[in-house]
Amino acid sequence: MPAPASLEEVRDGLAGAGYLASEAAALVSFLAYKLGKPVLVEGPTGVGKTELAKALSRFRDRRLVRLQCYEGLDEAKALYEWNYRKQLLRIQTEAAGTAWTDVQEDIFSVDFLMERPLLKAISAKEPVVLLIDEIDKTDQEFEAMLLEVLSDFQISIPELGVVEATTRPLVLLTSNNTRELTEALKRRCLYLWLDYPDAERELQIVGLHVPELSDTLSRKLIEVIHMIRSLDLKKPPSIAESIDWARALVVLGAADIDKSVFDRTMSIIVKHRSDLDVVAERVGVRLGDGLLGRAESG
Ligand SMILES: Nc1ncnc2c1ncn2[C@@H]1O[C@H](COP(=O)(O)OP(=O)(O)O)[C@@H](O)[C@H]1O
Ligand SMILES: [Mg+2]
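Residues numbered from 1 in each chain as written. Chains lettered and ligands numbered in written order. Predicted model: local features only at pLDDT ≥ 70, side-chain atom pairs only at ≥ 80, totals over all residues. Heavy atoms only, no water.

**Observations regarding the packing of aromatic side chains**
The relation between two aromatic rings is expressed through the spacing of the ring centres and the mutual angle of the planes.
Then comes step 1: On inspection of all chains with the given rule, the structure shows three aromatic pairs.
Then comes step 2: Ring geometry for tyrosine 33 and phenylalanine 59: centres 6.2 Å apart, planes at 90°, overall edge-to-face. Highlighted residues: tyrosine 33 in helix α2 (residues 23-35) and phenylalanine 59 in the loop between α3 (49-58) and β2 (64-68), separated in sequence by 26 residues. Residues tyrosine 33 and phenylalanine 59 agree in their burial class; the two are buried.
Then comes step 3: Its end group placed over the ring of tyrosine 33, arginine 60 keeps NZ or CZ at 6.0 Å from the ring centre. (Phe/Tyr/Trp six-rings, centres within 6.5 Å; stacked < 30°, edge-to-face > 60°. Helix = DSSP H or I, 4+ residues; strand = E, 2+ residues; numbered from the N terminus. Buried < 20%, exposed > 50% of the residue type's maximum accessible area, 1.4 Å probe, protein only. Lys NZ or Arg CZ within 6 Å of the ring centre and 35° of its normal.)

**A word on the packing of helix α11 (residues 215-229) against helix α14 (residues 273-288)**
Then comes step 1: The N-to-C vectors of α11 and α14 enclose an angle of 145°; their axes lie 11 Å apart at closest approach. You can see that α11 and α14 cross each other, and the crossing is right-handed. On α14, the residues touching Lys220, Val224, Met227 and Ile228 of α11 are Val279, Arg282, Val283, Arg286 and Leu287.
Then comes step 2: Within the contact of α11 with α14, the residues separate by chemical class into six nonpolar, no polar and three charged. (Axes fitted to C-alpha atoms, helices over the stretch in contact; angles between N-to-C directions. Left-handed = near helix turned anticlockwise from the far one by under 90°. Contact = heavy atoms within 4.5 Å. Nonpolar A, V, L, I, M, F, W, Y, C, P; charged D, E, K, R; others polar.)

**Some words on a nonpolar patch on the surface**
Then comes step 1: Where nonpolar side chains cluster on the molecular surface, the patch consists of Leu27, Leu31 and Leu35 and spans about 240 Å² of accessible area.
Then comes step 2: When you line up the elements, leucine 35 lands in helix α2.
Then comes step 3: On the accessibility criterion, leucine 35 (51% relative accessible area) is exposed. (Patch = residues over 30% accessible without salt bridge, like charges linked within 9 Å, V, L, I, M, F, W, Y side chains within 5 Å. Areas by Shrake-Rupley, 256 points an atom, 1.4 Å probe, with all protein chains shown as cover. Salt bridge = Lys/Arg side-chain N within 4 Å of Asp/Glu carboxyl O.)

**A few points about the site of ligand 1**
Then comes step 1: Lining the immediate environment of ligand 1, one finds 16 residues, of which Leu20, Gly46, Lys49, Thr50 and Glu51 sit closest.
Then comes step 2: At a separation of 2.9 Å, a nitrogen atom of ligand 1 approaches a polar side-chain atom of histidine 209.
Then comes step 3: Relative to its unbound accessible area of 560 Å², ligand 1 is 84% covered by the protein chains.
Then comes step 4: For the shell around ligand 1, the class distribution of residues is seven nonpolar, six polar and three charged. (Near = heavy atom within 4 Å. Polar contact = N/O pair within 3.5 Å; in protein donor to acceptor, adjacent residues only side chain to side chain.)

**Considering the pattern of salt bridges**
Then comes step 1: A complete count under the given rule lists 18 salt bridges for this structure.
Then comes step 2: Ionic pairing is found between glutamate 51 and arginine 58, a salt bridge with its closest N-O pair at 2.9 Å.
Then comes step 3: You can call glutamate 51 partly exposed: its relative accessible area is 28%.
Then comes step 4: Since its relative accessible area comes to 39%, arginine 58 is described here as partly exposed.
Then comes step 5: Ionic pairing is found between aspartate 133 and arginine 66, a salt bridge with its closest N-O pair at 2.8 Å. Of this pair, aspartate 133 sits in strand β5 (residues 129-133) while arginine 66 sits in strand β2, and the two are 67 residues apart along the sequence.
Then comes step 6: On the basis of relative accessibility, which here comes to 1%, the residue aspartate 133 falls in the buried class.

**Side note on the nonpolar core**
Then comes step 1: In this structure, Leu118, Ile132, Ile155 and Leu173 are the most contacted members of the largest nonpolar core, which totals 36 residues.
Then comes step 2: Among the elements of the structure, β2, β3 (80-82), α6 (100-107), α7 (117-123), β5, α8 (140-152), β6 (154-157) and β8 (170-175) are those that each provide at least two residues to this core.
Then comes step 3: No other element matches the six residues that α8 contributes to this core. (Core = buried A, V, L, I, M, F, W, Y, C linked by side-chain atoms within 4.5 Å.)

Here's what the structure looks like:
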(Lines give C-alpha, C1' and ligand atoms only; values in the text may rest on other atoms or scores of the structure.)
(Ligands and ions follow the chains in the order given, each with its own letter.)
Protein backbone atom coordinates (compact mmCIF):
# COMPACT_ATOMS: atom_id res chain seq x y z
CA MET A 1 0.00 0.00 0.00
CA PRO A 2 1.48 3.40 -0.92
CA ALA A 3 2.07 6.03 1.76
CA PRO A 4 -1.01 8.14 2.52
CA ALA A 5 -1.32 11.04 0.12
CA SER A 6 -2.38 13.77 2.49
CA LEU A 7 -2.59 14.91 6.06
CA GLU A 8 -6.38 14.71 5.85
CA GLU A 9 -6.18 11.08 4.78
CA VAL A 10 -4.16 10.26 7.90
CA ARG A 11 -6.45 12.23 10.21
CA ASP A 12 -9.59 10.65 8.79
CA GLY A 13 -7.99 7.22 8.68
CA LEU A 14 -7.05 7.47 12.34
CA ALA A 15 -10.56 8.63 13.21
CA GLY A 16 -11.89 5.63 11.31
CA ALA A 17 -9.62 3.48 13.45
CA GLY A 18 -11.09 5.01 16.61
CA TYR A 19 -8.42 7.61 17.30
CA LEU A 20 -9.23 11.31 17.32
CA ALA A 21 -5.86 12.82 16.60
CA SER A 22 -4.85 16.36 17.43
CA GLU A 23 -3.57 18.47 14.54
CA ALA A 24 0.02 17.83 15.71
CA ALA A 25 -0.45 14.06 16.04
CA ALA A 26 -1.94 13.78 12.56
CA LEU A 27 0.84 15.88 11.05
CA VAL A 28 3.68 13.95 12.67
CA SER A 29 2.09 10.62 11.68
CA PHE A 30 1.76 11.81 8.10
CA LEU A 31 5.41 12.94 8.03
CA ALA A 32 6.53 9.63 9.54
CA TYR A 33 4.99 7.83 6.56
CA LYS A 34 6.47 10.28 4.08
CA LEU A 35 9.96 10.61 5.54
CA GLY A 36 10.31 7.08 6.89
CA LYS A 37 11.52 8.41 10.24
CA PRO A 38 10.71 7.04 13.69
CA VAL A 39 8.45 9.14 15.92
CA LEU A 40 9.20 9.82 19.55
CA VAL A 41 5.96 10.48 21.43
CA GLU A 42 6.32 12.00 24.87
CA GLY A 43 3.77 13.13 27.41
CA PRO A 44 2.07 12.25 30.69
CA THR A 45 0.48 8.83 31.12
CA GLY A 46 -2.94 8.16 29.70
CA VAL A 47 -3.00 10.76 26.90
CA GLY A 48 -3.05 8.34 23.97
CA LYS A 49 0.59 7.62 23.17
CA THR A 50 0.30 3.84 22.99
CA GLU A 51 -3.11 4.07 21.38
CA LEU A 52 -1.71 6.21 18.55
CA ALA A 53 0.58 3.35 17.53
CA LYS A 54 -2.28 0.85 17.77
CA ALA A 55 -4.51 3.11 15.68
CA LEU A 56 -1.79 3.54 13.07
CA SER A 57 -1.61 -0.23 12.80
CA ARG A 58 -5.39 -0.56 12.39
CA PHE A 59 -5.46 2.24 9.83
CA ARG A 60 -4.01 0.54 6.72
CA ASP A 61 -3.99 -2.90 8.31
CA ARG A 62 -0.41 -3.16 9.35
CA ARG A 63 0.58 -5.73 11.93
CA LEU A 64 1.58 -4.23 15.28
CA VAL A 65 4.84 -5.45 16.75
CA ARG A 66 5.24 -4.23 20.30
CA LEU A 67 8.30 -4.04 22.47
CA GLN A 68 7.23 -3.21 26.01
CA CYS A 69 10.23 -1.70 27.76
CA TYR A 70 11.10 -2.20 31.41
CA GLU A 71 14.07 -1.74 33.67
CA GLY A 72 16.76 -4.27 32.80
CA LEU A 73 15.40 -5.08 29.34
CA ASP A 74 18.28 -6.55 27.37
CA GLU A 75 19.13 -7.53 23.81
CA ALA A 76 18.05 -11.14 24.35
CA LYS A 77 14.49 -9.98 25.01
CA ALA A 78 14.52 -7.16 22.44
CA LEU A 79 16.39 -8.66 19.47
CA TYR A 80 16.69 -12.41 19.51
CA GLU A 81 17.72 -15.32 21.64
CA TRP A 82 18.90 -18.84 20.91
CA ASN A 83 16.59 -21.54 22.11
CA TYR A 84 19.07 -23.33 24.37
CA ARG A 85 16.67 -25.99 25.51
CA LYS A 86 15.86 -26.99 21.96
CA GLN A 87 19.51 -26.88 21.01
CA LEU A 88 20.38 -29.19 23.90
CA LEU A 89 17.68 -31.64 22.93
CA ARG A 90 18.96 -31.62 19.39
CA ILE A 91 22.49 -32.36 20.55
CA GLN A 92 21.29 -35.18 22.81
CA THR A 93 19.33 -36.88 20.06
CA GLU A 94 22.26 -36.68 17.67
CA ALA A 95 23.85 -40.09 17.05
CA ALA A 96 27.18 -40.57 18.75
CA GLY A 97 30.05 -39.95 16.41
CA THR A 98 28.47 -37.09 14.51
CA ALA A 99 30.98 -34.35 13.88
CA TRP A 100 30.55 -31.22 16.06
CA THR A 101 30.70 -28.96 13.01
CA ASP A 102 27.63 -30.67 11.55
CA VAL A 103 25.68 -30.32 14.78
CA GLN A 104 26.77 -26.74 15.20
CA GLU A 105 25.61 -25.73 11.76
CA ASP A 106 22.28 -27.26 12.58
CA ILE A 107 21.63 -25.79 16.01
CA PHE A 108 22.54 -22.25 14.95
CA SER A 109 19.97 -22.13 12.19
CA VAL A 110 16.70 -20.16 12.16
CA ASP A 111 14.84 -23.18 13.54
CA PHE A 112 16.57 -22.60 16.86
CA LEU A 113 16.26 -18.83 16.88
CA MET A 114 13.64 -17.05 18.98
CA GLU A 115 12.76 -13.78 17.33
CA ARG A 116 12.08 -10.91 19.71
CA PRO A 117 10.16 -7.78 18.65
CA LEU A 118 12.97 -5.81 16.99
CA LEU A 119 14.10 -8.75 14.86
CA LYS A 120 10.46 -9.59 14.11
CA ALA A 121 9.85 -6.07 12.83
CA ILE A 122 13.05 -6.04 10.76
CA SER A 123 12.47 -9.42 9.18
CA ALA A 124 8.76 -8.99 8.48
CA LYS A 125 7.76 -9.49 4.85
CA GLU A 126 4.97 -6.93 5.08
CA PRO A 127 5.68 -3.50 6.57
CA VAL A 128 4.63 -3.42 10.23
CA VAL A 129 4.07 -0.77 12.88
CA LEU A 130 6.80 -1.15 15.48
CA LEU A 131 5.83 0.21 18.90
CA ILE A 132 8.69 0.63 21.35
CA ASP A 133 6.64 1.45 24.41
CA GLU A 134 7.94 3.38 27.41
CA ILE A 135 11.53 3.64 26.25
CA ASP A 136 12.32 5.86 29.25
CA LYS A 137 12.19 2.74 31.46
CA THR A 138 15.36 1.33 29.86
CA ASP A 139 18.91 2.61 30.29
CA GLN A 140 21.15 4.57 27.95
CA GLU A 141 23.03 1.46 26.88
CA PHE A 142 19.82 0.01 25.53
CA GLU A 143 19.06 3.30 23.80
CA ALA A 144 22.42 3.14 22.03
CA MET A 145 21.69 -0.37 20.77
CA LEU A 146 18.29 0.78 19.60
CA LEU A 147 19.80 3.73 17.74
CA GLU A 148 21.96 1.34 15.81
CA VAL A 149 18.99 -0.77 14.79
CA LEU A 150 16.95 2.30 13.87
CA SER A 151 19.68 3.83 11.75
CA ASP A 152 20.72 0.73 9.80
CA PHE A 153 17.50 -1.27 9.89
CA GLN A 154 19.56 -4.40 10.16
CA ILE A 155 20.56 -6.80 12.88
CA SER A 156 23.76 -8.76 12.88
CA ILE A 157 23.62 -12.29 14.28
CA PRO A 158 27.20 -13.61 14.53
CA GLU A 159 26.23 -17.26 13.92
CA LEU A 160 23.86 -16.51 11.06
CA GLY A 161 24.84 -13.28 9.38
CA VAL A 162 23.12 -9.96 8.88
CA VAL A 163 19.33 -9.74 8.73
CA GLU A 164 18.40 -6.73 6.65
CA ALA A 165 14.98 -5.16 6.53
CA THR A 166 13.24 -5.65 3.21
CA THR A 167 10.39 -3.37 4.24
CA ARG A 168 10.42 -0.25 6.38
CA PRO A 169 8.49 -0.48 9.63
CA LEU A 170 6.67 2.60 10.85
CA VAL A 171 8.34 3.11 14.22
CA LEU A 172 6.82 4.80 17.28
CA LEU A 173 8.69 5.21 20.53
CA THR A 174 6.79 6.41 23.56
CA SER A 175 8.09 7.95 26.74
CA ASN A 176 6.37 9.04 29.94
CA ASN A 177 9.17 11.48 30.43
CA THR A 178 10.53 9.92 33.62
CA ARG A 179 14.04 10.57 32.39
CA GLU A 180 15.63 12.68 29.71
CA LEU A 181 16.35 10.67 26.56
CA THR A 182 19.66 11.08 24.77
CA GLU A 183 20.15 13.81 22.20
CA ALA A 184 21.28 11.18 19.71
CA LEU A 185 17.95 9.40 19.91
CA LYS A 186 15.97 12.62 19.67
CA ARG A 187 17.95 13.69 16.63
CA ARG A 188 17.01 10.49 14.86
CA CYS A 189 13.28 10.91 15.49
CA LEU A 190 10.38 13.16 14.66
CA TYR A 191 9.04 14.54 17.91
CA LEU A 192 5.48 14.65 19.18
CA TRP A 193 4.49 16.04 22.55
CA LEU A 194 1.07 14.72 23.53
CA ASP A 195 -0.70 16.59 26.27
CA TYR A 196 -4.17 16.52 27.78
CA PRO A 197 -6.61 17.45 25.00
CA ASP A 198 -8.76 20.55 25.01
CA ALA A 199 -12.31 20.14 26.30
CA GLU A 200 -13.93 19.82 22.89
CA ARG A 201 -11.69 16.99 21.70
CA GLU A 202 -11.82 15.16 25.01
CA LEU A 203 -15.61 15.37 24.82
CA GLN A 204 -15.45 13.68 21.43
CA ILE A 205 -13.03 11.03 22.70
CA VAL A 206 -15.26 10.20 25.67
CA GLY A 207 -18.26 10.14 23.34
CA LEU A 208 -16.46 7.70 21.08
CA HIS A 209 -15.62 5.32 23.91
CA VAL A 210 -18.80 5.73 25.97
CA PRO A 211 -21.62 6.74 23.62
CA GLU A 212 -24.21 5.77 26.26
CA LEU A 213 -23.38 8.78 28.43
CA SER A 214 -25.72 11.70 27.78
CA ASP A 215 -24.34 14.86 26.25
CA THR A 216 -25.19 16.95 29.32
CA LEU A 217 -23.41 14.56 31.63
CA SER A 218 -20.41 14.24 29.32
CA ARG A 219 -19.99 18.01 29.30
CA LYS A 220 -20.20 18.21 33.04
CA LEU A 221 -17.72 15.35 33.40
CA ILE A 222 -15.21 17.10 31.15
CA GLU A 223 -15.71 20.37 32.99
CA VAL A 224 -14.99 18.69 36.33
CA ILE A 225 -11.99 16.78 34.93
CA HIS A 226 -10.49 19.95 33.50
CA MET A 227 -11.03 21.76 36.75
CA ILE A 228 -9.27 18.96 38.63
CA ARG A 229 -6.36 19.10 36.18
CA SER A 230 -5.89 22.74 36.98
CA LEU A 231 -5.23 21.85 40.64
CA ASP A 232 -1.68 21.08 41.63
CA LEU A 233 -1.96 17.30 41.95
CA LYS A 234 0.56 14.47 42.12
CA LYS A 235 -1.27 12.65 39.35
CA PRO A 236 -3.87 14.58 37.40
CA PRO A 237 -6.60 12.45 35.79
CA SER A 238 -5.84 11.49 32.18
CA ILE A 239 -8.07 10.60 29.24
CA ALA A 240 -8.03 7.03 30.51
CA GLU A 241 -9.60 8.19 33.78
CA SER A 242 -12.19 10.34 31.97
CA ILE A 243 -13.27 7.26 30.02
CA ASP A 244 -13.35 5.05 33.11
CA TRP A 245 -15.39 7.61 34.99
CA ALA A 246 -17.85 7.95 32.13
CA ARG A 247 -18.29 4.16 32.06
CA ALA A 248 -18.82 4.07 35.81
CA LEU A 249 -21.49 6.78 35.63
CA VAL A 250 -23.32 4.79 32.97
CA VAL A 251 -23.13 1.58 35.00
CA LEU A 252 -24.40 3.38 38.10
CA GLY A 253 -27.18 5.00 36.12
CA ALA A 254 -26.21 8.44 37.40
CA ALA A 255 -28.54 11.20 36.25
CA ASP A 256 -26.27 14.02 37.34
CA ILE A 257 -22.80 14.59 38.75
CA ASP A 258 -23.81 16.07 42.08
CA LYS A 259 -21.83 16.09 45.27
CA SER A 260 -22.98 12.65 46.38
CA VAL A 261 -22.23 10.98 43.03
CA PHE A 262 -18.89 12.73 42.94
CA ASP A 263 -17.91 11.67 46.45
CA ARG A 264 -18.76 8.08 45.70
CA THR A 265 -16.90 7.90 42.40
CA MET A 266 -13.97 10.27 42.66
CA SER A 267 -11.50 7.48 43.47
CA ILE A 268 -11.89 6.42 39.83
CA ILE A 269 -10.25 9.63 38.65
CA VAL A 270 -7.98 10.53 41.57
CA LYS A 271 -5.68 7.87 42.91
CA HIS A 272 -3.39 9.45 45.47
CA ARG A 273 -4.31 9.85 49.09
CA SER A 274 -3.16 13.48 49.25
CA ASP A 275 -4.80 14.30 45.91
CA LEU A 276 -8.09 12.88 47.15
CA ASP A 277 -8.12 15.34 50.03
CA VAL A 278 -7.39 18.32 47.79
CA VAL A 279 -9.99 17.32 45.24
CA ALA A 280 -12.69 16.48 47.79
CA GLU A 281 -12.29 19.93 49.25
CA ARG A 282 -11.98 22.02 46.10
CA VAL A 283 -14.34 20.23 43.74
CA GLY A 284 -16.71 18.64 46.22
CA VAL A 285 -17.53 22.06 47.68
CA ARG A 286 -18.16 23.63 44.28
CA LEU A 287 -20.45 20.78 43.31
CA GLY A 288 -22.25 21.12 46.62
CA ASP A 289 -22.80 24.81 45.92
CA GLY A 290 -24.00 24.03 42.41
CA LEU A 291 -21.14 26.04 40.88
CA LEU A 292 -20.20 23.47 38.27
CA GLY A 293 -22.09 22.44 35.15
CA ARG A 294 -24.65 25.25 35.45
CA ALA A 295 -24.35 26.53 31.90
CA GLU A 296 -25.43 23.14 30.52
CA SER A 297 -28.12 22.19 32.98
CA GLY A 298 -29.83 25.56 32.58
N1 LIG B 1 -7.05 10.69 20.62
C2 LIG B 1 -7.70 9.64 21.15
N3 LIG B 1 -8.76 9.09 20.52
C4 LIG B 1 -9.40 8.02 21.06
N5 LIG B 1 -9.07 7.45 22.22
C6 LIG B 1 -8.03 7.95 22.90
C7 LIG B 1 -7.29 9.07 22.39
N8 LIG B 1 -6.30 9.37 23.27
C9 LIG B 1 -6.42 8.49 24.26
N10 LIG B 1 -7.44 7.62 24.06
C11 LIG B 1 -7.84 6.54 24.98
O12 LIG B 1 -7.32 6.86 26.26
C13 LIG B 1 -6.82 5.70 26.91
C14 LIG B 1 -5.38 5.88 27.32
O15 LIG B 1 -4.56 5.93 26.20
P16 LIG B 1 -3.09 5.26 26.16
O17 LIG B 1 -2.67 5.23 24.74
O18 LIG B 1 -3.08 3.98 26.88
O19 LIG B 1 -2.25 6.33 26.98
P20 LIG B 1 -0.67 6.43 27.16
O21 LIG B 1 -0.02 5.38 26.34
O22 LIG B 1 -0.33 7.82 26.75
O23 LIG B 1 -0.44 6.22 28.64
C24 LIG B 1 -7.03 4.53 25.95
O25 LIG B 1 -8.22 3.87 26.31
C26 LIG B 1 -7.22 5.22 24.60
O27 LIG B 1 -8.06 4.46 23.79
MG1 LIG C 1 1.11 3.76 27.10
